[in-house]
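So you can see what is in the structure, the chains are spelled out below.
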Amino acid sequence: MLITLGVLFLFYMFGDLRLPVFLTLYYFWPVFLIGAGVSLLFRKYPVVQTLVFLVQILLFILLGIYLGGGGDVNFANTPSRTLSYQQELILEDGAELSVRYDILFANGSVDSGDTELYRIETEDKNLSVNYDTDRRSVRVSSDQVGVIALPGNRSTSVQLSDEYTWDVHLDGVFSRVDADLDELNLKSLYNEAAFCSTSIRLPEPRGTVSVVLDSGFASTELFLPVGTPVSISVDMGLAQVAYGPTVFKDGVYHLNGYSQAADRYEIKVDVGFGSVNFEEY
């Protein structure tokens, strides 16, 4: 581990690659811990130790490049494009739809809007969008690495119609996601993240709304309307889960009259390393 840190310091001091070392260490320290444990288990196998070392260096540099990029989009210098749904489609009021949003080395947002179905504005040249008419499902995917040294050029904004009910699936790696869903008709939400920073603002629930937060090495903030009835099931490793100032341990917590409420959230938290913080707005 000391050798790893020494190599990274040389990169920072003398190389052209300028990494925010301390910030990256803040997010990355569990990986060094796991690497040290693996090296101890295989201390008789130098090849394995070397492989672990190289993987740690690569992941650290990639994370540092992303964090150092800042994630800001320069609209004056980068081409933008708008993708909107064009195919004629008649949906009954209240029809259920689903959207899956996959991003890698990118930053983006998901919001509720007043579009016919959805609208996407992106700076990501590798972005692809597919609509499955039979499943009524939209997939927004940015799963190609592309120019990872310029994460600011991989920003995407998605607006969803607030006239329909949505299942939302957010899936990110080395990414930043800001999902402002407070005007959306939400049926369910699944958030899967690794090495991500995610902020999600939920709407008033209609019926029992299922939310799953499945993350590792990630920071997640979930904002709920004040006094929302909610059940929170916590299953965590070396992580921190808190509702305001209250820190949760493994278990199931019912808050704000969940058992008697007709409109409520049922939230499952499954997190390895990182943090999940619940706040009210």
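Look above for the structure.
Residues numbered from 1 in each chain as written. Predicted model: local features only at pLDDT ≥ 70, side-chain atom pairs only at ≥ 80, totals over all residues. Heavy atoms only, no water.

S.K.: Looking at this structure, how should I read the nonpolar core?
M.R.: In a soluble, globular protein the nonpolar side chains are often hidden away together inside. Counting 47 residues, the largest nonpolar core has W166, I267 and F278 as the members making the most contacts within it. Once you skip the residues sitting within four places of it in the chain, F278 turns out to touch L213, L222, L224, I232, V241, A242, Y243, G244, I267 and V269. Counting residues in each nonpolar core, the second largest holds 9 residues, with F32, L62, L104 and F105 among its members. (Core = buried A, V, L, I, M, F, W, Y, C linked by side-chain atoms within 4.5 Å. Buried < 20%, exposed > 50% of the residue type's maximum accessible area, 1.4 Å probe, protein only. Contact = heavy atoms within 4.5 Å.)

S.K.: Would you mind going over the pattern of salt bridges with me for this structure?
M.R.: A side chain of one charge can pair with a side chain of the opposite charge if their charged atoms are brought near each other. Enumeration over the complete set of coordinates arrives at 5 salt bridges. The partner of R100 in a salt bridge is D171, and the shortest N-O contact between them spans 2.9 Å. Of the two residues, R100 sits in strand β2 (residues 96-104) while D171 sits in strand β8 (residues 165-173), which places them 71 residues apart along the sequence. Here R119 ties to E121 by a salt bridge, and the two come within 3.9 Å at their closest N and O atoms. Under the relative-accessibility criterion, R119 is labelled partly exposed at 27%. Each of R100, D102, R139 and D171 takes part in one network of salt bridges that share partners. (Salt bridge = Lys/Arg side-chain N within 4 Å of Asp/Glu carboxyl O. Helix = DSSP H or I, 4+ residues; strand = E, 2+ residues; numbered from the N terminus.)

S.K.: Help me understand the packing of aromatic side chains, please; the structure alone is not making it clear to me.
M.R.: Enumeration according to the criterion identifies 6 aromatic pairs in this entry. Measuring from ring centre to ring centre gives 4.1 Å for F248 and Y253, while their planes differ by 10°; the resulting arrangement is stacked. Judged by its relative accessible area of 23%, Y253 falls in the partly exposed class. Aromatic rings pair up to connect Y243, F248, Y253 and F278 into one cluster. Residue placement shows R201 over the ring face of F223; its charged tip is 5.3 Å from the ring centre. Taking NZ or CZ as reference, R201 lies 4.5 Å from the ring centre of Y281, over its face. (Phe/Tyr/Trp six-rings, centres within 6.5 Å; stacked < 30°, edge-to-face > 60°. Lys NZ or Arg CZ within 6 Å of the ring centre and 35° of its normal.)

S.K.: What am I meant to see in the sheet that holds strand β10 (residues 185-194) here?
M.R.: Pairing between the strands of a sheet is mediated by backbone hydrogen bonds and can be parallel or antiparallel. Pairing within the open sheet is mixed, and its 9 strands lie in the order β5-β6-β2-β8-β10-β12-β18-β14-β17. Edge positions in the sheet fall to β5 (128-132) and β17 (251-255), since each of these pairs with one other strand and no more. Each strand of the sheet is rotated relative to its neighbour by a mean of 10°, with strand direction disregarded. (Pairing = 2+ DSSP bridges. Axes fitted to C-alpha atoms, helices over the stretch in contact; angles between N-to-C directions.)

S.K.: I tried to follow the environment of L117 on my own but got confused; where do I start?
M.R.: Considering the arrangement of structural elements, one finds L117 in the loop between β3 (107-113) and β4 (118-122). The spatial distance from the C-alpha of L117 to the C-alpha of V138 is 9.8 Å, given a sequence separation of 21 residues.

S.K.: Teacher, can you tell me more about the pairing of strand β13 (residues 218-224) here?
M.R.: Strand residues, when the strand is regular, have side chains that alternate between the two faces of the sheet. For β13, a buried count of 5 out of 7 residues is recorded, marking the element as mostly surrounded by other parts of the structure. Two strands pair when backbone bridges link them, and β13 and strand β19 (residues 274-280) are joined in this way by 7 bridges, in the parallel orientation. Opposite S219, over in β19, you have S275 as the bridge partner.

S.K.: Whenever I open this one, a nonpolar patch on the surface confuses me. Can you help?
M.R.: Taken together, the side chains of L41, F42 and Y45 present a nonpolar region at the surface, about 360 Å² in accessible area. Among the structural elements, F42 can be located in the loop between α2 (21-41) and α3 (46-69). What makes F42 partly exposed here is its relative accessible area of 36%. (Patch = residues over 30% accessible without salt bridge, like charges linked within 9 Å, V, L, I, M, F, W, Y side chains within 5 Å. Areas by Shrake-Rupley, 256 points an atom, 1.4 Å probe, with all protein chains shown as cover.)

S.K.: Before we go on, may I ask you to explain a negative patch on the surface in this structure?
M.R.: Together, D114, E116, D162, E163 and E183 make up a negatively charged patch on the protein surface. For E116, a relative accessible area of 54% gives the class exposed. (Lys, Arg positive; Asp, Glu negative; His and termini not counted. Charge placed at Lys NZ, Arg CZ, Asp CG, Glu CD.)

S.K.: Where do I start with unusual backbone geometry in this structure?
M.R.: When glycine is set aside, most residues are seen to have a negative phi, and most peptide bonds are trans. Even without glycine at this site, R136 takes up a positive phi of about 55°. With respect to the helices and strands, R136 occurs in the loop between β5 and β6 (137-142). By relative accessible area, which is 31% here, R136 ends up partly exposed. Although it is not a glycine, N256 sits at a positive phi angle of roughly 60°. Within the secondary structure, N256 sits in the loop between β17 and β18 (264-271).

S.K.: Which parts of the structure should I look at to understand the environment of G216?
M.R.: Mapping G216 onto the fold places it in strand β12 (residues 208-216). Spatially, the C-alpha atom of G216 lies 5.1 Å from that of F273, the residues being 57 residues apart in sequence. If near-sequence neighbours (up to four positions away) are discounted, G216 is found in contact with A193, A194, F195, G272 and F273.

S.K.: What exactly am I supposed to notice about the pairing of strand β15 (residues 239-243) here?
M.R.: In terms of burial, β15 is a largely internal element, 4 of the 5 residues being buried. Bridge count between β15 and β19: 5 bridges; the pairing is parallel. Of the residues in β19, the one forming a bridge with A239 is G274. Counting the residues that bridge the hairpin from β15 to strand β16 (residues 246-248) gives 2 residues, and of these G244 lies at a positive phi of roughly 60°.

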